[in-house]
Amino acid sequence: MKKLKYLGLILLISLFLTTLSPVLGKSQFVNPSQTQRLIESGKILYEAGRFSEAVNLLKQAALKYQADADQLNQAMTLSNISLAYQKLGQWDEAEKSINDSLNILKFLPKSQIKKVYAQSLDVKGYLEFVQGRFQKAIVIWQDAAKIYSQLNLEAALIQSRINQAQAMQGLGLFIQAEKILIAVEESLEKQPDNALKAVGLRSVGDVLRIVGNLDESKKVLQESLRIASENEENQEATETLISLGNTARLQQNINSKSSAIKYYQQAALRAPLKSDLGLEAQLNLFSLLVEMEELPAAKELIPEISAEIEKLSPSRKSIYTQINFAKTLEKLKQKTIIDKPSWLDIAQILSTAIQQGKTIKDKRAESYGLGNLGQLYEQSKQFNEAQKLTQKALAIANSIGAKDIIYQQQWQMGRLYRQQGNIKAAIEYYHGAWEILKSLRRDLVAVDSNMQFSFRESIEPVYREYVDLILKSVENKQQNKQKLILAREVIESLQLAEIDNFFHSACFNTKVVLDEVVDRDNLKSAIVYPIILPDRLEVILKLPHSPLVRYASPISEKEVEETIQQLRTDIEERKIGADNQAQFQKLYNWLLQPAGKYLENSKINTLVFVLDGSLRNIPPGALYDGKQYLIEKYSIAVSPGLQLYELQSIKRKNLNVLMGGLSEERFNFPRLNYVEQELQQIESQVSDSKILLNQKFTTNAVEEQVNRKSYPIVHLATHGQFSSNSDKTFLLAYDQPIKVNQLNQWLRAREENLPEAIELLVLSACETATGDKRAALGLAGVAIQAGARSTVASLWALNDASTAQLMSQFYQELKKSGVSKAGALRNAQLSLLKQEEYSTPYFWAPYVLIGNWL
């Protein structure tokens, strides 16, 4: 099963303070005392994942140090206790222990305790991080880093900087995070090729994977592997091979997944005999083969994995290993018929894991196991037993405040009640799960990486199933009003969650609610809000100063997806709306035909679409009502959600435009023959402009110009691709591709120097990734990350004179008083539509306006 892309990775998990050694390692005590033996035993239990037992021994040691007035060792032991409590999810106890440690250290001579104080700060920073308090974590880790720098502790300094980078990523501070990781890389490059360097590079590579920079992650991990192999560091090489497999797996193409298989196989062969790395590699390989539906190869691994699991001693890691093995076996049995293991065998694996959780007093692991056993009973339709297990899992998770487990168990309870027909109870549990997911926007960055789940499997369905129940439960008009508002709010939060998942952080903070914009100033705008559900397509319509309107078409999700895909094909094959074989009118009938009378009565002239799922991949203007295209009746805009950045009209008198373009062949992308003509025509339409063409169109040149002068419009005529994967969403400069997370380095850096936001970003030669149903999510990502109030972009690239003509007309219209941005784009599109050679949607439809349409 795929891991959630933005699952947290932090190096401090392995930190464990001892009198002489700050990290886990062999005992360095000579003739140890009773107290020191307690510390060593506690450390062994901690390393084995038996955290509750470790806490008991460490507490005894702390009391003995207190009795002996040995404050330094008492403080270090309290820090270790905090780490163990953190692993158990007992946050209050963890906070008290680390605060007690730091308070003791504050009163000791600084010259004696600097290193220990920095290590305790690391523990405190990790506690803040896992609870989603990233800003506090950064400040604490920066303080620790200053001490490590003073003490010339390079390894600890590197570790602290990597931790800071991930916390910054959690806040959406991508450029700052990247700068830190680059500095860490440069620092590591100066180090000799040894095990420490290999470990440091692997850590950087792992974090780069988490922040979505998969290409750079692969590059850094390959260097780590080279060094580990040359130094015959077998364990480090094995761990790096697993990391390389994890990175390749996320690149979402057949070649990369084949590479992932090879990395896991090499890791399994290379793993040291006494480590569990071989089992980890085999499990990753097993889940990947099931995911790829390479089922015969997957089945062959089962006996060996089962045998290795039986050898494991009880620990949190071994419990999660068993649970995740059981979850992958469930998936395998759902895809093919196998006798062994049976469903009973899988239940036994989970029961063993649960019992081990009880034995080592790990409530988090016990709750996770009970929930998964409940899910197994749910699949076999043994609902009563499933409900008992899930309720027990939920009670334990609630007792330790494990929100990431709580939401899953609440969702599971909701499903169980729904399947038994108790809709009221189901809605209550779904609502609880949804509320927790909203609160977890930032915290999900720090979810335990042993818990395998993906956004598409374990987060998105909560929202959609909840909306489905809400809309099906409407009984009267008053309920209708309240529930439509709630349904729209739930889907809105899903769209925010999708963007968070795209960026691997909760970075989209909104300012203006669309409903307020539509209701004020007598704007003749309406919001069209489609929701794709398994058995129907729901649409919620917002009109000025009116209650929400709802209508639905009994169309399956599969048919909707197929129709959208066929419409894109129809457009690319130059078909027209009047073609009965095309899909233009079918989609219009589903989305807008029932709204016709409402739009007419309200004299609407602008439609704002908040599109769901793969609907984002089609241009709404190309929908056809049987007589004309939608663009012939309305100005059209698209919004990433119901909430936007500040809305205001663009200043018309002086259009100052910064233009960049690439007409030459670069990085295996073909020439764009009409780029120079496009930029020249725009230059003739505007008051002031600056053109960066080909060799002058570099990342540094754009950044310099954006920061030097307040250009309200930035127009980029270059290759670009929008993908549901942020690592594959980019714009092409002359010197390099610029990925979406780097866009703010170009366009937002000026916020420090110039107060004015970019009013309009135009991307005229981009396209959505082929075969990617959610590719236009990348377009929303670009629009958000650029920080522009409005973005005009193309859904497919046209290496054609029509682009230059349309863009010239767009700017000409934009200068006119009283014409909105949406109106200017509409008029430019109509100018093409009226020309016979450009009358098919292929030429005029790809351009969409995202964001502020005024």
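Residues numbered from 1 in each chain as written. Predicted model: local features only at pLDDT ≥ 70, side-chain atom pairs only at ≥ 80, totals over all residues. Heavy atoms only, no water.

### Some points on the environment of Ile81
Phase 1: By the element assignment, Ile81 lies in helix H3 (residues 71-88).
Phase 2: On the basis of relative accessibility, which here comes to 2%, the residue Ile81 falls in the buried class.
Phase 3: Sequence spacing of Ile81 and Lys59 is 22 residues, and the spatial spacing of their C-alpha atoms is 7.2 Å.
Phase 4: Here Ile81 is in contact with Val55, Leu58, Lys59, Ala62 and Ser97, once residues within four sequence places are set aside. (Helix = DSSP H or I, 4+ residues; strand = E, 2+ residues; numbered from the N terminus. Buried < 20%, exposed > 50% of the residue type's maximum accessible area, 1.4 Å probe, protein only. Contact = heavy atoms within 4.5 Å.)

### What about the confidence of the model for the chain?
Phase 1: Here the chain shows a mean pLDDT of 86. Residues at 70 or above account for 90%.
Phase 2: In this model residues 1-30 is a low-confidence stretch, pLDDT under 50, and it forms 116 contacts with partners more than four residues away in sequence or in other chains.
Phase 3: pLDDT under 50 marks residues 445-453. Its contacts with residues more than four places away, or in other chains, come to 46 contacts. (pLDDT = per-residue confidence, 0-100.)

### Section: the sheet that holds strand E13 (residues 737-739)
Phase 1: If you trace the 4 strands from one edge of the open sheet to the other, you get E13-E12-E11-E15, paired in mixed fashion. Lying at the two open borders of the sheet, with one neighbouring strand each, are E13 and strand E15 (766-768). Neighbour-to-neighbour, the strand axes of the sheet open up by a mean angle of 20°, direction not taken into account.
Phase 2: Pairing geometry for strand E11 (residues 720-722) and E15, over 3 bridges, is parallel. (Pairing = 2+ DSSP bridges. Axes fitted to C-alpha atoms, helices over the stretch in contact; angles between N-to-C directions.)

### Some points on the packing of aromatic side chains
Phase 1: One pass over the full model with this rule turns up 16 aromatic pairs.
Phase 2: Here the aromatic rings of Phe129 and Phe134 are separated by 5.3 Å at their centres, their planes lie at 55°, and the arrangement is tilted.
Phase 3: Assessed through its relative accessible area of 2%, Phe129 is described here as buried.
Phase 4: The interplanar angle of 5° and the centroid separation of 6.4 Å between the aromatic rings of Tyr430 and Tyr466 together place this pair among those described as stacked. Of the two residues, Tyr430 is situated in helix H20 (residues 423-439) and Tyr466 in helix H22 (residues 460-472); the sequence distance between them amounts to 36 residues.
Phase 5: Here a set of aromatic residues connected by ring pairs shows up, and it is made of Phe584, Tyr624, Tyr629 and Trp844.
Phase 6: Here Arg415 stacks its cationic end above the ring of Trp411, 4.4 Å away from the centre of that ring.
Phase 7: The positively charged end of Arg574 is found above the aromatic ring belonging to Tyr842, 3.7 Å away from the centroid. (Phe/Tyr/Trp six-rings, centres within 6.5 Å; stacked < 30°, edge-to-face > 60°. Lys NZ or Arg CZ within 6 Å of the ring centre and 35° of its normal.)

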